[in-house]
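Topology and contacts: notes
The primary structure of each chain is shown beneath.
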Amino acid sequence: MPSRSRVPGGDVRWTVAGRLRQEAVVRQLAASCLLLNIFFVLPVGASTESAVVAETHVEDRPLDAVSGTTYRSGTRLRITGTDWSFVVPDGWQGNRPDDAEMPFLIPEEGKELGMMFPLTGVTRDGLREQLREPLSLLHGLSFIPAGSQAETEAWIAQSYEGEDLAGRALAVMGAGDTAVIYFLMGPPQELPVFHSVLEQLGQSTRFSEAGSGHDAAL
């Protein structure tokens, strides 16, 4: 069952008790806040001009997401050491900071940010409860669930509200007890865009190279 776990300063983060590596999540959330500070102050292009830009690979040939490299839309990224992969959505880029285990998604234009949280040892009921939990990031960023969940056989979606931001999460389920939660945040007026981006992520997600994407029409 999901649980709440606290870090210094009283922040709450998504966890799955005994299953999700907490140190990795803390690093991911800390890095996300650093990126938020960058992308809400500077133009997007200024934050990536010093990064190595990878050539776009065809959708079915995954690249391992390495730190310091920016991946264009249409590139299939694989998380090193796993068979889980996804395609960077249209109009977005993927980038993995040095202090994060997972890549982040950054729009080519705009001030949104996408994160991802791979999970193991989770059930469908556990994911439902996980998505009903408030999500608090570092530096006072927090989100609470808004509205009802949408669900199909392959995924569960939940919208969120923050003080000045909106968010939406899509939990895509794999075989057995594996899943990944994609979370997008940004200005509230961009919430309709999140549906399209998450649809692309859900449809392109693979938990094994032999598998196929999910039907993630939102």
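Everything discussed here concerns the structure shown above.
Residues numbered from 1 in each chain as written. Predicted model: local features only at pLDDT ≥ 70, side-chain atom pairs only at ≥ 80, totals over all residues. Heavy atoms only, no water.

Let's talk about the packing of aromatic side chains
Keep this limit in mind: Here is the rule: rings of Phe, Tyr and Trp (six-membered ring for Trp) pair when centre to centre is within 6.5 Å. Planes less than 30 degrees apart are stacked, more than 60 are edge-to-face, and the remainder are tilted. To qualify as a helix, a DSSP run of H or I must reach at least 4 residues; to qualify as a strand, a run of E must reach at least 2; elements of each kind are numbered from the N terminus. In this scheme, a residue with accessible area under 20% of its type's maximum is buried, one over 50% is exposed, and one in between is partly exposed, where area comes from a 1.4 Å probe on protein chains only.
A full pass over the atoms with the stated rule returns five aromatic pairs. Seen in terms of ring centroids, F143 and F183 are 5.3 Å apart; in terms of plane orientation they differ by 75°. Their pairing is edge-to-face. One end of the pair, F143, is in strand β12 (residues 142-151); the other, F183, is in strand β15 (residues 179-186), and 40 residues separate them in sequence. Comparing F143 with F183 shows no difference in burial state: the two are buried. By way of ring pairs, the aromatic residues W84, F86 and Y182 are connected into one cluster.

Remarks on the pairing of strand β8 (residues 92-95)
What counts is decided by this rule: Two strands pair if DSSP finds at least two bridges between them.
Alternating positions in β8 separate into two faces, W92 and G94 on one and Q93 and N95 on the other, with burial throughout. Pairing of strand β5 (residues 69-71) with β8 involves two bridges; the strand directions are antiparallel. For Y71, the partnering residue across the bridge sits in β8 and is G94. Pairing analysis gives four bridges linking β8 to strand β9 (residues 104-107), with the strands arranged antiparallel. Within β9, the position partnered with G94 by the bridge is L105.

A word on helix α4 (residues 191-204)
Using the following cut-off: A helix is expected to span 1.5 Å for every residue after the first. Picture the helix axis, draw a direction to every C-beta atom, and the arc is the one those directions span. Contacts: residue pairs with any heavy atoms within 4.5 Å of one another.
Here α4 contains 14 residues, and its C-alpha end-to-end distance of 20 Å stays within 8% of the 20 Å for a straight helix at 1.5 Å per residue. Among the residues of α4, those classed as buried are F194, V197, L198, L201, G202 and S204. Buried residues of α4, seen end-on, are gathered within an arc of 165° and therefore sit on one face of the element. Those residues of α4 that are buried lie in contact with β6 (76-78), β7 (85-87), β8, β9, β14 (166-173) and β15.

Some words on the nonpolar core
Inclusion rule: Definition of nonpolar core: a set of buried residues of the types Ala, Val, Leu, Ile, Met, Phe, Trp, Tyr and Cys, connected through side-chain atoms within 4.5 Å.
By size, the foremost hydrophobic cluster in this structure holds 24 residues, and its most contacted members are L77, W84, F86, L105, M116, Y182 and L201. Looking at this core, the elements with two or more residues in it are β13 (155-161), β14, β15 and α4. Among the elements that make up this core, the one with the highest residue count is α4 (four residues).

Structural notes on the sheet that holds β6
Sheet architecture is open: three strands sit in the order β4-β6-β7, paired in mixed fashion. Each edge of the open sheet carries a strand with a single partner, namely β4 (63-64) and β7. Sheet analysis places β6 next to β7, joined by three bridges and oriented antiparallel. Note that in β7 the partner of R76 across the bridge is V87.

Things to note about the side chain of Q158
Rule in force here: The definition of a polar contact used here is a pair of N or O atoms within 3.5 Å, where within protein one atom must be able to donate a hydrogen and the other to accept one, and adjacent residues in sequence count solely through side-chain atom pairs.
Structurally, the position occupied by Q158 is in strand β13. Polar side-chain contacts of Q158 include one of 3.1 Å to the backbone oxygen of A146. A distance of 3.2 Å separates a polar atom in the side chain of Q158 from the backbone oxygen of G147. Sequence-distant contacts of Q158, that is, excluding residues within four places in its chain, are made with L131, P145, A146, G147, S148, Q149, G167, R168 and A169.

Some thoughts on the pattern of salt bridges
For clarity, the cut-off: We define a salt bridge as a contact between a side-chain nitrogen of Lys or Arg and a carboxyl oxygen of Asp or Glu at a distance within 4 Å.
Counted according to the given criterion, the structure contains five salt bridges. R78 is paired through a salt bridge with D64; the nearest N and O atoms lie 2.8 Å apart. Here D64 lies in strand β4 and R78 lies in strand β6, a separation of 14 residues in the sequence. For R78, a relative accessible area of 22% puts it in the partly exposed group. Close ionic contact of R124 with E151 constitutes a salt bridge, the shortest N to O distance being 2.6 Å. Of the two residues, R124 sits in helix α3 (residues 124-131) while E151 sits in strand β12, which places them 27 residues apart along the sequence. Through salt bridges with shared partners, a single network forms among R124, D125, R128 and E151.

Here's the deal with the environment of R76
On the secondary structure map, R76 appears in strand β6. A residue is classified by how much of its surface remains accessible, and R76, at 0% relative accessible area, is buried. Along the chain, R76 and R206 lie 130 residues apart, while their C-alpha atoms are 9.9 Å from each other. A polar contact is formed between the side chain of R76 and the side chain of S85, at a distance of 2.8 Å.

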